[in-house]
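Residue-level structural notes
Each chain is listed here by its residues.
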Amino acid sequence: MAYKWRMLVQKWLDKFLSGDSMDSGKIIALFLPILIDQAFIIGLNLLNTAMISSSGVNAVSAVNMVDSLNVFMINVFVAIATGGTVVVAQYKGSGNPLMVSRATASSITSVAGISLIISLLLIALHNQVLGLLFGSATPEVLGDAKVYLIGSCISYVGLGIVQAVCGSLRGIGKTRASLFLSLIMNLLYVLLNIVMINFMHMGVLGMTLAVNIARFAGAALALIYLFKWDATLHVRIRDLFHVPMSMLRKILFIGVPFAMEQMFFNGGKLLTQVFIVGMGTHAIATNAIASSLAMVFQIPASALSLTIVTVVGQCIGRGDVKDARKFIKAFLWLGSGALALVGIVLMPFFHPLVSIFSPPADIIDDIFWLLLMSTVLQVPLWSISFILPAALRAAGDSKFTSITSMLTMWLFRISLGYVLGVSLGYGLIGVWLAMSLEWGVRGAIFLWRFRGTKWYQHRLI
C-alpha cells in the first residue's frame, strides 16, 4: 500500500511539477529549505511576541505599533533585494555566470545603501513619526515605542545585507545556504531575547539590543560566506564598490515598482493600524496576537511564494513560458491546499496556541473569531493574491502587479476597512473582513493578467 501511494505521488509530481526547465526533485529541493526558514522565522517571531508579553500589555502594544512601521520600511529594501533575486534567477536560467556574479554584487550594494538612507531618515524624524501615527497611544506605550523604533532603525543595514545575500542565493537555487544564514541570525536573536527579556528583565530595550546584535552578526556571516566559502557566485569585495549602471537599472526595474507597491501597501496597513490604535490598547494587543497566529497558518503558502520567484525566473531566463505557466498553476493549487490543511490541523489547537501570549481573558474570543474568519477566507483567496503576483514579478511584470496592489489596497482595504471597522462600528472584525475582501479583488485581477500574454513579454536580460 505504501509503495502504491509513493507511486501515485510521484506520478502527480511528474505531471504537474516537472518540465523541461526543471523537475519535481529540484523544485522540492528549492522549497524545503525555504519552508524550514519561514517556519523558523515566524516561529521565532511568535516566541518573541510571547516573551515581550511578559513585560505587559504596554510593551506588546509598543512593539506591535513599531513593527507595523518596521514592516513598512523594511519591505522597501527587501523589494530591491527581490529585484536582485529575479535578475540573478534569469541570468542563472540563461547560463551566464559572469552576469550572475555582477547582479549579486549590485543587489548587495543597492540594498545596503537604501537601508542606510531609510534608517537615518527615520532616526532623525522619530518623534514626528510616532506623534503623527500613534499620538493617541498612552505615554507609557509611546515611551517604549520610541526606544524600539530607534533601535530597529539602527539594525536595518545589517538586515538589508542579509536579505540581499540570501535573495541572490535563492536566485541561483542555493536555498540551503540561504536557510543556514537566516537560521543563524534568527537563532541568535531569540537566544539574546531570552537572556535580555526573561533573565535580565530589560523589556523593550533588551529586545532592541538583541535585534541589533543578531542582524549585524548575520550580515558579517553572510559576507564572509559570500567572499570565502561560496563557490558559485564568485563575488569579490571590490565588486561591491563598482556597480554597472546597466545592471543597477535591471534590478531597479523590478525593485522600484515593488518598493513603491510595498510603501503604498504597507502604508495602507499602517493607516489601518492607526484605526486600531484608536480602538484602545486591548484592540492593539488582539490584532497583534491574531496577526502572529495567522502568519503561522500561512507558513507553507509563504514558502511557495518565495520558491516560485526562483522557479519562474529561471524558466523565463530559458525562454520557456510553457513551463512557467505549468508551474504557476501547480503552485496556486498547492498554496490553497496547504492553507486548508494547516487550518484544519491547527484550529483545534487554538487555546494552547493563544496561551503562549498570556492574553487577558476578555480578548481571547475576539482573537478566535478573527483567526477563524481569516483561516476560512484565505483558502480560496490568499494564493491568487500573493503567490500569483510573485510569479508575474519573476517574469518581469513588475509595474502591473505593483500598480494593481496599490490601487486595490487603498480603494478596498483602507476605505472599506474604515467604513466597516470605524463608521459602522464592527471594530477589528470589520477591518479584517475588508482585508480578506481585498485579497479577492486583487487576486481576480492577477488571474485575468495571467490568462493573457503580456506578463511574460518583458525583456529583462
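Remember, predicted model here, so these are calculated numbers, not experimental data.

Turning our eyes to something else, we now look at the overall build of the chain. Per the secondary structure count, the chain includes 17 helices and 0 strands. In terms of C-alpha radius of gyration, the chain reaches 21 Å, essentially the compact-globule figure of 23 Å for 461 residues. Principal-axis analysis of the C-alpha atoms gives the chain an extent of 55 × 50 × 45 Å. Restricting to contacts in the chain with at least 6 residues of sequence separation, those with at least 24 account for 83%. When the accessible surface of the chain is summed, it comes to about 19200 Å², and 70% of that surface belongs to carbon and sulfur atoms. Here the chain contributes 31 positive and 17 negative side-chain charges, whose respective centroids are spaced 13 Å apart.

Applying the stated criterion across every chain, the model contains 8 aromatic pairs. Ring plane angle 70° and centroid distance 5.2 Å describe the contact between Phe350 and Phe368, whose orientation is recorded as edge-to-face. Of this pair, Phe350 sits in helix 14 (residues 350–354) while Phe368 sits in helix 15 (residues 364–394), placing them 18 residues apart in sequence. Judged by relative accessible area, Phe350 falls into the buried class, the value being 3%. When the centroid spacing of 6.2 Å and the interplanar angle of 40° are considered together, the rings of Phe400 and Trp448 count as tilted. One end of the pair, Phe400, is in helix 16 (residues 398–423); the other, Trp448, is in helix 17 (residues 427–451), with 48 residues separating them in the sequence.

On to the nonpolar core, then. Leu293, Val312 and Ile328 are the most contacted members of the largest nonpolar core, which has 136 residues in total. In this structure Val312 touches Ala324, Ile328, Ala391, Ala394 and Ala395, once residues within four positions along its chain are discounted.

Spanning 20 residues, helix 12 (residues 299–318) covers 29 Å between terminal C-alpha atoms, matching the ideal 28 Å at 1.5 Å per step. Considering bend angle alone, the principal kink of helix 12 is centred on Thr307 and spans about 25°. Of all 20 residues in helix 12, 18 are buried, a share of seventy percent or more. Backbone geometry just after helix 12 places Gly319 at a positive phi near 80°.

This part takes up the pattern of salt bridges. Enumeration over the complete set of coordinates arrives at 5 salt bridges. The residue Lys174 makes a salt bridge to Asp230 at a minimum N-O spacing of 3.0 Å. Taken together, the residues span a long stretch of sequence, with Lys174 in the loop between helix 7 (156–171) and helix 8 (175–199) and Asp230 in the loop between helix 9 (203–229) and helix 10 (245–277) at a distance of 56 residues. With a relative accessible area of 10%, Asp230 lands in the buried category. With a closest N to O distance of 2.9 Å, Asp397 and Arg449 form a salt bridge. Of this pair, Asp397 sits in the loop between helix 15 and helix 16 while Arg449 is found in helix 17, placing the two residues 52 residues apart along the sequence. Like Asp397, the residue Arg449 is buried in the burial classification. Residues joined by salt bridges that share partners form a network here, namely Arg413, Glu438 and Arg442.

This part covers helix 11 (residues 281–297). For helix 11, which comprises 17 residues, the first-to-last C-alpha distance of 25 Å matches the rise-based estimate of 24 Å (1.5 Å per residue) to within 8%. Where burial is concerned, most of helix 11 is hidden: 13 out of the 17 residues are buried.

Turning to a nonpolar patch on the surface, a few remarks are in order. On the surface, a nonpolar cluster with roughly 750 Å² of combined accessible area is contributed by Met279, Trp369, Tyr418, Val419, Val422, Leu424, Tyr426 and Ile429. Looking at the nonpolar patch, the element that brings in the most residues is helix 16, giving 3 residues. Overall, Ile429 belongs to the partly exposed group, its relative accessible area being 34%.

Attention now moves to the side chain of Thr286. Within the secondary structure, Thr286 sits in helix 11. According to the relative accessible area criterion, Thr286 is buried, its value standing at 2%. Apart from the residues lying within four places of it in its own chain, the contact partners of Thr286 are Ile363, Asp366, Ile367, Leu370 and Leu428.

This brings us to the environment of Asp67. With respect to the helices and strands, Asp67 occurs in helix 3 (residues 57–94). Separated by 177 residues in the primary sequence, Asp67 and Pro244 place their C-alpha atoms 34 Å from one another.

On to the packing of helix 13 (residues 321–346) against helix 15, then. Contact geometry of helix 13 with helix 15 gives a least axis separation of 9 Å together with a crossing angle of 150°. What the angle tells us is that helix 13 and helix 15 run roughly antiparallel. As for the relative orientation of helix 13 and helix 15, their crossing is right-handed in sense. Where helix 13 approaches helix 15, its residues Ile328, Phe331, Leu332, Gly335, Ser336, Leu339, Ala340 and Gly343 are matched on the opposing element by Thr375, Gln378, Val379, Trp382, Ser383, Ile384, Ile387, Leu388 and Ala391.

Quick look at the confidence of the model for the chain now. Mean pLDDT over the chain: 85, with 94% of residues reaching 70 or higher. The lowest-confidence element of the chain is helix 1 (residues 2–16), averaging 71 in pLDDT; the highest-confidence one is helix 13, averaging 94.

Moving on, we get to the environment of Leu334. Residue placement: Leu334 occurs in helix 13. Along the primary structure Leu334 and Glu438 are separated by 104 residues, whereas in three dimensions their C-alpha atoms are 21 Å apart. If we skip the residues at most four places from it in the chain, Leu334 touches Trp12, Leu17 and Leu304.

About the thresholds
Residues numbered from 1 in each chain as written. Predicted model: local features only at pLDDT ≥ 70, side-chain atom pairs only at ≥ 80, totals over all residues. Heavy atoms only, no water. Helix = DSSP H or I, 4+ residues; strand = E, 2+ residues; numbered from the N terminus. Rg over C-alpha atoms; globule rule 2.2 N^0.38 Å. Contact = heavy atoms within 4.5 Å. Areas by Shrake-Rupley, 256 points an atom, 1.4 Å probe, with all protein chains shown as cover. Lys, Arg positive; Asp, Glu negative; His and termini not counted. Charge placed at Lys NZ, Arg CZ, Asp CG, Glu CD. Phe/Tyr/Trp six-rings, centres within 6.5 Å; stacked < 30°, edge-to-face > 60°. Buried < 20%, exposed > 50% of the residue type's maximum accessible area, 1.4 Å probe, protein only. Core = buried A, V, L, I, M, F, W, Y, C linked by side-chain atoms within 4.5 Å. Expected span 1.5 Å × (residues − 1). Bend = angle between axes of the 7 residues up to and from the residue. Salt bridge = Lys/Arg side-chain N within 4 Å of Asp/Glu carboxyl O. Patch = residues over 30% accessible without salt bridge, like charges linked within 9 Å, V, L, I, M, F, W, Y side chains within 5 Å. Axes fitted to C-alpha atoms, helices over the stretch in contact; angles between N-to-C directions. Parallel < 35°, antiparallel > 145°, perpendicular 65-115°, else oblique. Left-handed = near helix turned anticlockwise from the far one by under 90°. pLDDT = per-residue confidence, 0-100.

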